[in-house]
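# A look at the structure
Residue strings, one per chain:
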Number of protein chains: 2
Amino acid sequence: MDFDRLKGGNPLYQQIAKWMIDHIHSGNWKEGYKLPAEEELAEQLEVSRGTLRKAMVRLLKQGLLEQVQRKGDFHFKSFYHNHN
Amino acid sequence: MDFDRLKGGNPLYQQIAKWMIDHIHSGNWKEGYKLPAEEELAEQLEVSRGTLRKAMVRLLKQGLLEQVQRKGDFHFKSFYHNHN
DNA sequence: CCCAATTTGTGCGTATGTATC
DNA sequence: CGATACATACGCACAAATTGG
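Since the structure is predicted, the reported quantities are computational estimates derived from the model, not experimental observations.

So, about the side chain of A:Glu38. Summarising the element assignment, A:Glu38 is placed in helix α2 (residues 38-45). Within polar-contact distance, the side chain of A:Glu38 engages the side chain of A:Arg49 at 2.9 Å.

Right, here's the structure in full:
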């Protein structure tokens with residue numbers, strides 16, 4: 001989705017992480033929203049799955065993203081509680 | 001079955017797809033032939049199920065493979081009608 | 001009809017090799 | 001060289017559908 005791939009810019013995975021956070025802020029992704037599968041989302045973003053994962057792991061560690069069981073999907077949790 | 005795992009070669013899933021097509025051409029797999037379960041076939045080929053699936057999905061999309069009723073199994077359909 | 005086993009469908013976790021900057 | 005990015009490949013776990021007793 002129109003990321004900056006120019007040299008010298010921020011890494012793709014950082015841009016993606018920011019893009020996801022923006023989606024929460026804008027209300028596009030509300031709490032409990034179930035993300036598409038990594039493979040599918042990566043395809044939509046036109047990045048590799050590995051790069052997308054790198055962004056997601058960042059958000060996971062920051063507590064912005066929550067992994068539900070072993071079901072294989074991610075849900076957003078209450079964002080504002082965990083955003084410092 | 002004796003696939004080329006050397007670096008620089010074609011991906012395994014491509015080789016497997018070709019191997020399956022060759023089986024049809026050679027007459028080993030005639031129309032209507034029911035394939036073994038994915039798990040079993042993967043074991044015979046000494047590849048992972050995921051890699052085997054990747055090859056099968058390719059053939060499915062190309063119309064060389066047909067999925068029959070019970071989601072279960074795959075049958076080969078008239079190969080020559082769909083091969084350009 | 002019910003139930004357990006089988007098989008496909010899906011998705012994540014991880015590792016490796018290659019290329020580029 | 002190290003960081004970034006991609007493609008490939010394996011494994012594991014679970015859901016859903018089907019099968020057969």
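For the rest of this paragraph, the subject is the pattern of salt bridges. Residues and elements named next belong to chain B. Counted under the stated rule, the structure contains six salt bridges over all chains. Notably, a salt bridge pairs Lys18 with Asp22, separated by 2.8 Å at the nearest N-O pair. One end of the pair is Lys18 and the other is Asp22, both in helix α1 (residues 12-25) and four residues apart, which spans about a single turn. Judged by relative accessible area, Asp22 falls into the partly exposed class, the value being 34%.

Residue and element names in this part refer to chain A. Close contact between α2 and helix α3 (residues 49-62) brings their axes to 9 Å; oriented N to C, the two are set at 105 degrees. In terms of orientation, α2 lies roughly perpendicular with respect to α3. On α3, the residues that touch Glu38, Glu39, Leu41, Ala42 and Leu45 of α2 are Arg49, Leu52, Arg53 and Met56. Taken together, the residues of the contact of α2 with α3 sort by class into five nonpolar, no polar and four charged.

Glancing now at the packing of α1(B) against helix α3 (residues 49-62) of chain B. Residue and element names in this part refer to chain B. Running from amino to carboxyl end, α1 crosses α3 at an angle of 55 degrees, the nearest separation of the two axes being 8 Å. Taken together, the axes of α1 and α3 are oblique relative to one another. As α1 runs across α3, the sense of the crossing is right-handed. Contacts between α1 and α3 pair Leu12, Tyr13, Gln14, Ile16, Ala17, Met20 and Ile21 from the former with Thr51, Leu52, Lys54, Ala55, Met56, Arg58 and Leu59 from the latter. Each residue belonging to the contact of α1 with α3 can be placed in one class, and the counts come to ten nonpolar, two polar and two charged.

Basis of the calculations
- Residues numbered from 1 in each chain as written.
- Chains lettered and ligands numbered in written order.
- Predicted model: local features only at pLDDT ≥ 70, side-chain atom pairs only at ≥ 80, totals over all residues.
- Heavy atoms only, no water.
- Helix = DSSP H or I, 4+ residues; strand = E, 2+ residues; numbered from the N terminus.
- Polar contact = N/O pair within 3.5 Å; in protein donor to acceptor, adjacent residues only side chain to side chain.
- Salt bridge = Lys/Arg side-chain N within 4 Å of Asp/Glu carboxyl O.
- Buried < 20%, exposed > 50% of the residue type's maximum accessible area, 1.4 Å probe, protein only.
- Axes fitted to C-alpha atoms, helices over the stretch in contact; angles between N-to-C directions.
- Parallel < 35°, antiparallel > 145°, perpendicular 65-115°, else oblique.
- Contact = heavy atoms within 4.5 Å.
- Nonpolar A, V, L, I, M, F, W, Y, C, P; charged D, E, K, R; others polar.
- Left-handed = near helix turned anticlockwise from the far one by under 90°.

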